[in-house]
Amino acid sequence: MKFICVTLLIISGIADSRADNFDVVGPAVPLMAVSGEDVILPCSVKPSISAVNMRVEWSRLDQRGSVVHLYEDHEDRNTDQLPSYRGRTRLFKDELENGNTSLKLSRVQTSDEGIYKCFVQSESWYDDTTAAVRVEAVGSAPVITVDGFDGSGGLHLQCESKGWNPEPDLVWLDSEGVTLTSESTDTHRDDTDGFSVKHAITVYNSDTKYHCRVKLRHHMLETEIIISSKMFNSRKTLMILNSVAVVLSVIAGILIAVFFHKKIGNIFIIRSCASLRLLLQNTQMWLDRSKS
Ligand SMILES: *[C@@H]1O[C@H](CO)[C@@H](O)[C@H](O)[C@H]1NC(C)=O
């Protein structure tokens, strides 16, 4: 009798834990989030049993499992949460009883891009799933800097745009919309601010419009600059003035050289005269002495 009871208990125990089994399911495809907007990271328990009494932990799999949001003992416990998520995460408390453990992430940042783990644990069972999140960020309007003339009279132009994710395409175009080849390109990625791109070109034509265009999928930002002929003219005037200055200084140099040369010559003549006089004096003295 005792044996039968124990067996029954064991069997019912197994049946019980079987009944407690569940799967945790998440999104099948990576989630696209837009910087500054809110996103829901789907996660739910299947079959739909209540998760109210369970532990729900959202973490970053690509950041050594750092905690994004923790629900345990019927409340949120976010003391060990990653600081960048502070005040931006929440579970749908009314949905927990339906087994819905989705996470709402508010005011998405570029640094939110990564792999998330949704871990759900009951007293007798646990399972987890992962969700990849990509963040799309539209950066700032491109800024054009006029960087001065080079030795050959070309004008350096630089275009920079910041805060994109993923990396955007930057192109320089002339007034006809023809793509110009950039001489130098510089891209760098900041964990919080996303991608910055910078391209430089040298132009030789005045009275022309140049466009700098930054594109990411269906987002496009553009800035244009008009190079007036005055700029190149003032450059020419400057170059002419420069040449005149060079010619003048060469002439001045020659004059100074001639002047000094003459002066040196004079000194030499004076010295020579002095020596001659000394010689004459000495000769005179010698003559006088020999006379007396
Ligand atoms: C979970 O709840 C959220 C918020 O109400 C909802 O948007 C989402 O569709 C729910 N997920 C499932 C699987 O029911």
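Here the structure is shown first, and the text comes after it.
Residue numbering note: each chain is counted from 1, following its sequence as written. In keeping with the predicted nature of the model, local features appear solely for residues at pLDDT of at least 70, side-chain atom pairs appear and are counted solely at 80 or more, and the whole-chain, interface and lining totals rest on all residues. Computation of side-chain values: all heavy atoms of the structure, hydrogens and water removed.

Ordered in space as E3-E9-E8, the three strands form an open sheet in which the pairing is antiparallel. At either margin of the open sheet sits one strand with a lone partner, and together these are strand E3 (39-41) and strand E8 (89-91). For this sheet the average axis-to-axis angle between neighbouring strands, irrespective of direction, equals 25 degrees. Here, any two strands with at least 2 DSSP bridges between them count as paired. Think of it this way: any DSSP run of H or I at least four residues long counts as a helix, any run of E at least two long counts as a strand, and we number them from the N terminus. Bridge count between E3 and strand E9 (residues 103-105): three bridges; the pairing is antiparallel. Residue leucine 41 lies in a different strand from E9, and its bridge partner there is leucine 103. A fitted line through C-alpha atoms represents every axis, and for helices the fit uses only the stretch in contact; the resulting angles, taken between N-to-C directions, go from 0 to 180 degrees.

This part takes up a nonpolar patch on the surface. Taken together, Ile240, Val244, Val247, Leu248, Ile251 and Leu255 make up a surface patch of nonpolar side chains, about 560 Å² in accessible area. Assignment of secondary structure puts isoleucine 251 in helix H2 (residues 229-291). Each patch is assembled from residues with relative accessible area greater than 30% and no salt bridge, linking like charges that lie within 9 Å and nonpolar side chains (Val, Leu, Ile, Met, Phe, Trp, Tyr) that lie within 5 Å. The accessible surface values rely on the Shrake-Rupley method and a 1.4 Å probe; as for residues, cover is taken only from the protein chains in view. For salt bridges, the criterion is a side-chain nitrogen of Lys or Arg within 4 Å of an Asp or Glu carboxyl oxygen.

Throughout, the term near means that a residue has one or more heavy atoms lying within 4 Å of the molecule or strand in question. Taken together, Ile40, Ser44, Phe92, Glu95, Asn100 and Ser102 are the residues near the ligand. Calculation on the ligand without its partners gives an accessible area of 360 Å², and the protein chains cover 51% of this total. Classification used: nonpolar for Ala, Val, Leu, Ile, Met, Phe, Trp, Tyr, Cys and Pro, charged for Asp, Glu, Lys and Arg, polar for all others including Gly. The class makeup of the residues in the shell around the ligand is two nonpolar, three polar and one charged.

With that settled, the discussion passes to the pairing of strand E17 (residues 194-203). Most of E17 is tucked away: nine of the 10 residues are buried. Bridging between strand E13 (residues 155-164) and E17 involves eight bridges; their strand directions are antiparallel. In the sheet register, histidine 156 faces E17, and the bridge partner there is threonine 202. Note: strand E16 (residues 184-190) against E17, seven bridges, orientation antiparallel. The residue of E17 that forms the bridge with arginine 189 is phenylalanine 195. Note on exposure labels: buried denotes an accessible area under 20% of the residue type's maximum, exposed denotes more than 50%, and partly exposed covers the range between, all computed with a 1.4 Å probe on protein chains only.

Everything listed here is a matter of geometry and, on its own, says nothing about what the molecule does.
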